[in-house]
Amino acid sequence: MIETFIYLKNFITDKYVASITPTFRSAVEKVCGKIDFNDRRLIVEYGPGTGAFTVNLLNNMTGNSRLIAIERNPNFCRILEKGPLDPRLKIFNDCAGNVLDILKACEEAEADYIISGIPFSLLSLETKLRILNTAYSALKEGGKFLAYQNFFQLPEFLKNHLENVFQNVRAQYVFQSFPPLVVFEALKSNGNSGTCRLPEGTAL
Ligand SMILES: C[S@@+](CC[C@H](N)C(=O)[O-])C[C@H]1O[C@@H](n2cnc3c(N)ncnc32)[C@H](O)[C@@H]1O
């Protein structure tokens, strides 16, 4: 209840919050079920909000794994920083598109997983492509980009661009949340293009 109030308050002043409630726990478990936690993992989380996924990831990760959370809303960052201290977690008040600089600052090379809750439907084409291209570069070979979104997604919001960058993309609906979610699972593998340029003459 208190979390819904926090989301509502921030949603009014920051459209990129894009939700009036955190993701339901059952949906978080379903999405995190796509991650293999059995070894040391470097996981990057885009748009953790108040930490619905962050807590689940920390609970499942091995002791030597690392989680880097990148959140653009400063109020949410402050809430995350007040949460349980965990040396495996680093929080950055920044935009997901700056992930490569953030990895460098953390002295980390490439991520095993990037899990993203940011609302691609609200982003400009330029920002969207920057986020997808840098996510691709930030992942190791065999790494996965997991993006959960509100189930109502036109292909041009995310799917088409994701397929241009990663090619190997699967979508699954998750009904354990309201509204339901769609999760895109994009694999970085040999033969992916890894870049998606703005079409010539695109107005930004
Ligand atoms: C729909 S909420 C999801 C929050 C949380 N992960 C959850 O599932 O409950 C989207 C979150 O993405 C953050 N966000 C939006 N655009 C972002 C960006 N470009 N980089 C980092 N975070 C972003 C918002 O501030 C918000 O916290």
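Provided above is the structure to which this section pertains.
Source: prediction; values computed, not measured.

When you line up the elements, D14 lands in the loop between α1 (2-13) and α2 (25-32). We classify D14 as buried; its relative accessible area is 13%. In this structure the side chain of D14 is engaged in a polar contact, spanning 2.9 Å, whose partner is the side chain of N73.

This part covers the site of the ligand. Near the ligand lie 24 residues; those nearest to it are T23, G47, E71, A96 and Y148. Take A96: an N or O atom from its main chain is 3.0 Å from a nitrogen atom of the ligand. A distance of 2.7 Å is found between a nitrogen atom of the ligand and a side-chain nitrogen or oxygen belonging to Y148. Given that more than half its atoms are within 2 Å of the pocket grid, the ligand belongs to the largest pocket.

Further remarks concern the layout of surface pockets. In this structure, the largest pocket encloses a volume near 870 Å³. What lines the largest pocket is a set of 42 residues, and nearest its centre among them are V17, A18, S19, G117 and P119. Mapped onto the lining of the largest pocket, the elements with two or more residues apiece are α1, α3 (52-60), β2 (66-71), α6 (125-138) and β5 (139-150). Element by element, the count of residues in the lining of the largest pocket is highest for β5, at three residues. Grouping the constituent residues of the lining of the largest pocket by class yields 24 nonpolar, 13 polar and five charged.

Right, let's talk about the sheet that holds strand β3 (residues 89-93) for a bit. Spatially, β3-β2-β1-β4-β5-β7-β6 is the arrangement adopted by the seven strands of the open sheet, whose pairing is mixed. Single-partner strands in this sheet number two, and they are β3 and β6 (169-174). Going from strand to strand, the sheet's axes swing by 15 degrees on average, the running direction of each strand aside. The sheet contact formed by β5 and strand β7 (residues 181-187) spans seven bridges and is antiparallel. Note that in β7 the partner of F145 across the bridge is A186. Relative to the sheet, α2 contacts β4 (111-116), β5, β6 and β7, its axis offset from that of β6 by approximately 155 degrees. Packing of α3 onto the sheet brings it into contact with β1 (42-46), β2, β3, β4 and β5, and relative to β1 it is tilted by some 170 degrees.

Helix packing for two helices is described by the angle between their axes and how far apart those axes are. Packing of α2 against α3 leaves a shortest axis separation of 10 Å and a crossing angle of 50 degrees. Here α2 lies oblique to α3, going by the angle between them. For the pair α2 and α3, the crossing hand works out as right-handed. Where α2 approaches α3, its residues V28, E29, V31 and C32 are matched on the opposing element by A52, F53, N56 and L57. Taken together, the residues of the contact of α2 with α3 sort by class into six nonpolar, one polar and one charged.

Inspection of every chain in the model, using the stated rule, returns nine salt bridges. One salt bridge in this structure joins K34 and E185, with 3.5 Å as the shortest N-O distance. Of this pair, K34 sits in the loop between α2 and β1 while E185 sits in strand β7, and the two are 151 residues apart along the sequence. For E185, a relative accessible area of 8% translates into the label buried. The shortest N-O distance in the salt bridge between E163 and K159 comes to 3.2 Å. Separated by four residues within a single helix, E163 and K159 lie in helix α7 (residues 159-166), roughly one turn from each other. We classify E163 as partly exposed; its relative accessible area is 28%. Among the residues examined, K159 registers a relative accessible area of 34% and is labelled partly exposed. Beyond isolated ion pairs, a larger network of salt bridges with shared partners links K34, K144, R170 and E185.

Cut-off values and rules
Residues numbered from 1 in each chain as written. Predicted model: local features only at pLDDT ≥ 70, side-chain atom pairs only at ≥ 80, totals over all residues. Heavy atoms only, no water. Helix = DSSP H or I, 4+ residues; strand = E, 2+ residues; numbered from the N terminus. Buried < 20%, exposed > 50% of the residue type's maximum accessible area, 1.4 Å probe, protein only. Polar contact = N/O pair within 3.5 Å; in protein donor to acceptor, adjacent residues only side chain to side chain. Near = heavy atom within 4 Å. 1 Å grid on protein atoms, 1.4 Å probe; cavity = no way out; pocket = protein on both sides within 12 Å on 5 of 7 lines; lining within 4 Å. Sits in = over half its atoms within 2 Å of the grid points. Points joined across faces, edges and corners; volume = space filled by probe spheres on them. Nonpolar A, V, L, I, M, F, W, Y, C, P; charged D, E, K, R; others polar. Pairing = 2+ DSSP bridges. Axes fitted to C-alpha atoms, helices over the stretch in contact; angles between N-to-C directions. Contact = heavy atoms within 4.5 Å. Parallel < 35°, antiparallel > 145°, perpendicular 65-115°, else oblique. Left-handed = near helix turned anticlockwise from the far one by under 90°. Salt bridge = Lys/Arg side-chain N within 4 Å of Asp/Glu carboxyl O.

Structural measurements only, silent on function.
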